[in-house]
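Residue-level listing of the chains:
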Amino acid sequence: LPAWQDSQLFIKDLHFDGVPMRIYLPREPSASKRRGVVFMHGGCGIFGSISKELKEKCYERICRYIARKSDSVVLSIGYHLAPEHRYPAQTLECLSATVHFLKTADTYGVDPARIIVCGDSVGATFATSVCQELGHRTDIPKIRAQVLIYPFLQALNFNLPSHQKNADVAFLSRERTVHFILKYLNRHCSLKEPILAGSHVPESINLKYRKWINPDLIPDEFKLGYKPSLPTSFLPQVHEEVQELFEPRVSPLLAEDAVVCGLPDTCIVTCEHDVLRDDGLLYKKRLEDNNVHVTWHHVEKGFH
């Protein structure tokens, strides 16, 4: 298809509270209000775009596909990228845009009770954070569901079975994952090795969160060849440099149960050849433990 024409969709650029958006509306009239999808693209918070230009067009076709195939109104958020726009600008822009859409859904022919949020990779992180922050709000419509496609959900342990198994898989290796996190947070890349080793986490935090982030919680079929990592020395200076890693906006797996139990129905997609696979598996268990309905799709030959 041409970069900016679609016979089935009306496509328009918008700004919600200064945040660039693109909305995809099916042209075919509907007898009732449609579903809404708020889409947050991946790219580690430092890549990706909603640009219509062919050389930059990362998510244009997938958003069109979702709108056409599900007969939904899709809102794609063009949040500003780090490090020029410092964390947590990206999460806050996604939050602001989602709230605006929930409040103005009628304007776009959308049923405010049938809006989901969706994202891939760090976009799924943003989607998770938005749902966590809005879960107990009563002044706006409730998000109906969240769709998390190979989400990044924790920065405490980079030695889980999926990190070991897929440490050198193309595109998103274990080393690249931490490298991009540091770029996103505007921190020096010299911190990468101690973070990979786990030296940024004090024992008190490890003990507090081992009930949620622990290889013992990963099903046995995903632990073939796994070897527990050796204990490492805690480095207080590294810990002080990366305090953001322990915030739920970066590591949503650290959210308290009081927050998690208020989350909407969830669909999680994991891939076998993905360093982030176990993040999705751990979050699936947390949600189920808090009586949140989860649909899980695992792509056995899939990768990030």
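Everything below is about the structure printed above this text.
Here is what the cut-offs are and how they apply
- Residues numbered from 1 in each chain as written.
- Predicted model: local features only at pLDDT ≥ 70, side-chain atom pairs only at ≥ 80, totals over all residues.
- Heavy atoms only, no water.
- Helix = DSSP H or I, 4+ residues; strand = E, 2+ residues; numbered from the N terminus.
- Polar contact = N/O pair within 3.5 Å; in protein donor to acceptor, adjacent residues only side chain to side chain.
- Contact = heavy atoms within 4.5 Å.
- Buried < 20%, exposed > 50% of the residue type's maximum accessible area, 1.4 Å probe, protein only.
- Pairing = 2+ DSSP bridges.

(A) Examining the side chain of E244 more closely. Relative to the elements of secondary structure, E244 occurs in the loop between α8 (236–241) and α9 (257–260). Engagement of the side chain of E244 in a polar contact is seen with the side chain of R187, the distance being 2.4 Å. When residues no more than four places from it in sequence are discounted, the contact partners of E244 are Y87, L185, R187 and V250.

(B) Local environment of the environment of S251. Following the sequence through the fold, S251 ends up in the loop between α8 and α9. Between the C-alpha atom of S251 and that of A97, which follows or precedes it by 154 residues, the distance is 21 Å. For S251, the contacting residues outside a window of four places in its chain are L153, Q154, A155, L156 and L245.

(C) Representation of the pairing of strand β4 (residues 72–77) in the model. Counting buried positions along β4 gives six out of six residues, so the element sits mostly inside the fold. Neither face of β4 is left uncovered, since the one carrying S72, V74 and S76 and the one carrying V73, L75 and I77 both have all their residues buried. Here strand β2 (residues 19–26) pairs with β4 via four bridges, running antiparallel. Bridge assignment links I23 to a residue of β4, and that residue is L75. Note: strand β3 (residues 34–40) against β4, six bridges, orientation parallel. When the bridges of β4 are listed, F39 appears paired with S76.

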